[in-house]
Amino acid sequence: MNIIIALLFIIITILSIIVFKVKGLFTLLISIPLVIMYYKASDIIKLLKKKEREKNDNVNLSERKEVEFVSSRDRKKGVKVEKKEKKTKSNNNESKSKSKKKIKVNIKPTRSRDNREKKKNIGDKKGIGKKILTIILGLAIFGVFAAMAFMIYIVISTGNFDPEALKNQDQTVVYDKDGNIFATLGAEKRESVEYDELPQVLIDALIATEDSRFYEHNGVDMARFLKATALNLMGKDDAGGASTLTMQISKNTFTSKDAEGFKGLVRKFTDIYMSIFNIEKDYSKEEIMEFYVNSPYLGAGSYGVVTAAKTYFNKNISNLTLVEAAMIAGMFQAPGEYDPYVNPEKTNVRKNEVIDLMYRHGYITESEMNAAKRKDVSEIIVKNNTNINKYQGFIDTVVQEVIDRTGDNPYLVSMDIYSTMNANKQNVINDFYKNHKFKDDKVQVGIGIVDNKTGAIIAVGAGRHKNSEMSLNYATQIKRHPGSTAKPLFDYGPGMEYKNWSTYTPFVDKPVSYTGGGVMRNVDGRYQGFLTLEQCLVRSRN
């Protein structure tokens, strides 16, 4: 164990100096005292033994004085008794003499045996104490070294800090199967704003919601971080991620979005390292706020708060009201879920949560809170006037697959994406949505077309009235039973492929029993007898 501790100390010290340079010497302030305590554990135990021994000696001395005092008093008492009762019978004197002797005999052996037992118990306790102290010190040293090694790994594994990544954003280009560009994502719909142009009500809403101690910490809110860590360890669902605005910038710009297992732990501490030693070190709080409000996707094809204000309220960012600012601030957490054109109810609930937080942190009064909560988002947003790409359904499907595979959002990270879209087939779906006479505007249809030779998705119908980016995709995000759509997939198609069925292959529509009991029925409760495969498919017979 001693050799392991020594090797760990040497390795960690060398790595700390290599990675942190002169600052690495500060690790010695923690490691050296622990190592000294570990190697001096035996001396500490000896010192404790010495103090315990002195204490026991003082106790024994006190006991001896008490015994001697009692014995002396008894002897004096015996002399007085002899003087007063000189004429008593000799057998009584003998009885007293025997009694005194018994007292003397009984005191000494009892005291000696008790002392031996006490010393034995003290020795046992000291042996156990020494082992426990050694184990605790060893674990403490190992824990410190493990923490140092982990931080060194974080520093080494962190890529180079690129300041331009915080400012410049190139477009993502999406190509169809023939190599033609049919979409550009990201930069063309982003307008930047400087800190002085931001309304104070929006700044207050963001700070109250995302990082209440933004102006006080140096990139990491340790109180919030420790609280969230403790709640996560306790299995609390509402623990939260404890990410500050600075850490969110690091996550969205430099690190991956992986938040599970060891990779998630590494990502979290990488964000902490970059927030403290790169972003907060080189930029003011005002610049960090600018990075935060100009970069994120905020639903309906909007990037940054300037575009969001124009999209949802048709006004300049500096003219936002309390309710409008609260709605935008609430969308930073999940822009797709809180898109007011897609989920107005959820958006309104989230807006009220932001209002509550602003009141809790003292940014608004109770009367302002109540008035703002009474205002529904449906009353303040304007009709969506964004120019949505006619292939938006397919674009959303591609973007989601890229996010699932890489963890990067093509709207935030510039890419060249080569898709499998067949423009002609996609136009057929678009024409169907536009020209077919549906029962009403509430009817929705999700469509996916697959190349049966390659398995590639060549066209997607994400739903009718598609008016925003990354809104609900009825082709890929609706978890419902396929119903009779499954029949050609699971029955007719395989029959044609493997049993040479044709459209005129005969079938008999009649009651058929399940192996587990019961009878197969049709939707109308009837059976039509002899039918061809084509008739069975058209009439959706079971």
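Coordinates for the structure precede this section.
Residues numbered from 1 in each chain as written. Predicted model: local features only at pLDDT ≥ 70, side-chain atom pairs only at ≥ 80, totals over all residues. Heavy atoms only, no water.

*Asks:* What exactly am I supposed to notice about the packing of aromatic side chains here?
*Replies:* Remark: the centre distance and the inter-plane angle together describe each pair of aromatic rings, the angle taken between the planes. A full pass over the atoms with the stated rule returns 15 aromatic pairs. With centroids separated by 5.1 Å and ring planes inclined at 85 degrees, the aromatic side chains of Y283 and F291 adopt a geometry described as edge-to-face. Take Y283: its relative accessible area is 12%, and that puts it in the buried class. Among the residues examined, F291 registers a relative accessible area of 11% and is labelled buried. Here the aromatic cluster, defined as three or more aromatic residues joined through ring pairs, consists of F182, Y391 and F394. For the cation-ring pair, K285 lies above F214, with the distance from its terminal atom to the ring centre recorded as 4.6 Å. (Phe/Tyr/Trp six-rings, centres within 6.5 Å; stacked < 30°, edge-to-face > 60°. Buried < 20%, exposed > 50% of the residue type's maximum accessible area, 1.4 Å probe, protein only. Lys NZ or Arg CZ within 6 Å of the ring centre and 35° of its normal.)

*Asks:* Help me understand the environment of I388 in this model?
*Replies:* Its location among the elements puts I388 in the loop between α13 (366–374) and α14 (392–406). What I388 contacts, discounting residues up to four positions off in sequence, is K466, N467, S468 and E469. (Helix = DSSP H or I, 4+ residues; strand = E, 2+ residues; numbered from the N terminus. Contact = heavy atoms within 4.5 Å.)

*Asks:* Quick question: what am I supposed to make of unusual backbone geometry here?
*Replies:* Residues apart from glycine generally show negative phi values, whereas peptide bonds are mostly found in trans. Phi angles above zero are rare outside glycine, and N500 is one such case at about 60 degrees. Here N500 lies in the loop between α16 (486–498) and β6 (506–509). The residue S540 is not glycine, and still its phi comes out positive at about 55 degrees. In this structure, S540 sits in the segment after α17 (533–538).

*Asks:* How should the packing of helix α10 (residues 304–313) against helix α11 (residues 322–331) be read in this particular structure?
*Replies:* Helix-helix packing is described using two parameters, namely the angle between the two axes and the distance between the axes. Axis separation between α10 and α11 bottoms out at 11 Å; the angle between their running directions is 120 degrees. By the angle between their axes, α10 is oblique relative to α11. Pair α10 / α11 crosses with right-handed handedness. When α10 is examined against α11, the residues V305, A308, A309, Y312 and F313 are found in contact with a partner set consisting of E324, M327, I328 and M331. (Axes fitted to C-alpha atoms, helices over the stretch in contact; angles between N-to-C directions. Parallel < 35°, antiparallel > 145°, perpendicular 65-115°, else oblique. Left-handed = near helix turned anticlockwise from the far one by under 90°.)

*Asks:* Could you clarify how one ought to interpret the sheet that holds strand β2 (residues 181–185) in this entry?
*Replies:* The strands making up a sheet are joined through hydrogen bonds of the backbone, oriented either antiparallel or parallel. Taken in spatial order, the 3 strands of this open sheet run β2-β1-β3, and their pairing is mixed. Each edge of the open sheet is held by one strand with a lone partner, namely β2 and β3 (416–418). Neighbour-to-neighbour, the strand axes of the sheet open up by a mean angle of 20 degrees, direction not taken into account. Taken together, the 4 bridges between strand β1 (residues 172–175) and β2 define a ladder with antiparallel strand orientation. Residue pairing across strands places V174 opposite A183, the latter belonging to β2. The strands touched by α14 within the sheet are β2 and β3, with β2 carrying the most contacts at an inclination of about 60 degrees. (Pairing = 2+ DSSP bridges.)

*Asks:* Help me understand the pattern of salt bridges, please; the structure alone is not making it clear to me.
*Replies:* Side chains that differ in sign of charge can pair as their charged atoms come close. Throughout the structure, instances matching the rule amount to 12 salt bridges. Across the pair R213 and D221 runs a salt bridge whose closest N-O atoms are separated by 3.0 Å. Here K373 ties to D356 by a salt bridge, and the two come within 3.0 Å at their closest N and O atoms. Remark: D356 occurs in helix α12 (residues 344–360) and K373 occurs in helix α13; sequence separation between them is 17 residues. Since its relative accessible area comes to 31%, D356 is described here as partly exposed. One network of salt bridges, in which partners are shared, links D509, D524 and R541. (Salt bridge = Lys/Arg side-chain N within 4 Å of Asp/Glu carboxyl O.)

*Asks:* Please explain α12 as it appears in this structure.
*Replies:* Note that an α-helix has 3.6 residues per turn; residues three or four places apart therefore point the same way. Taking 1.5 Å per residue as the helical rise, α12 with its 17 residues ought to reach 24 Å, and the 24 Å between its terminal C-alpha atoms agrees with that figure. For α12, the set of buried residues is T347, N348, R350, K351, N352, V354, I355, L357 and M358. Just beyond α12, the residue with positive phi is G362, at close to 85 degrees. (Expected span 1.5 Å × (residues − 1).)

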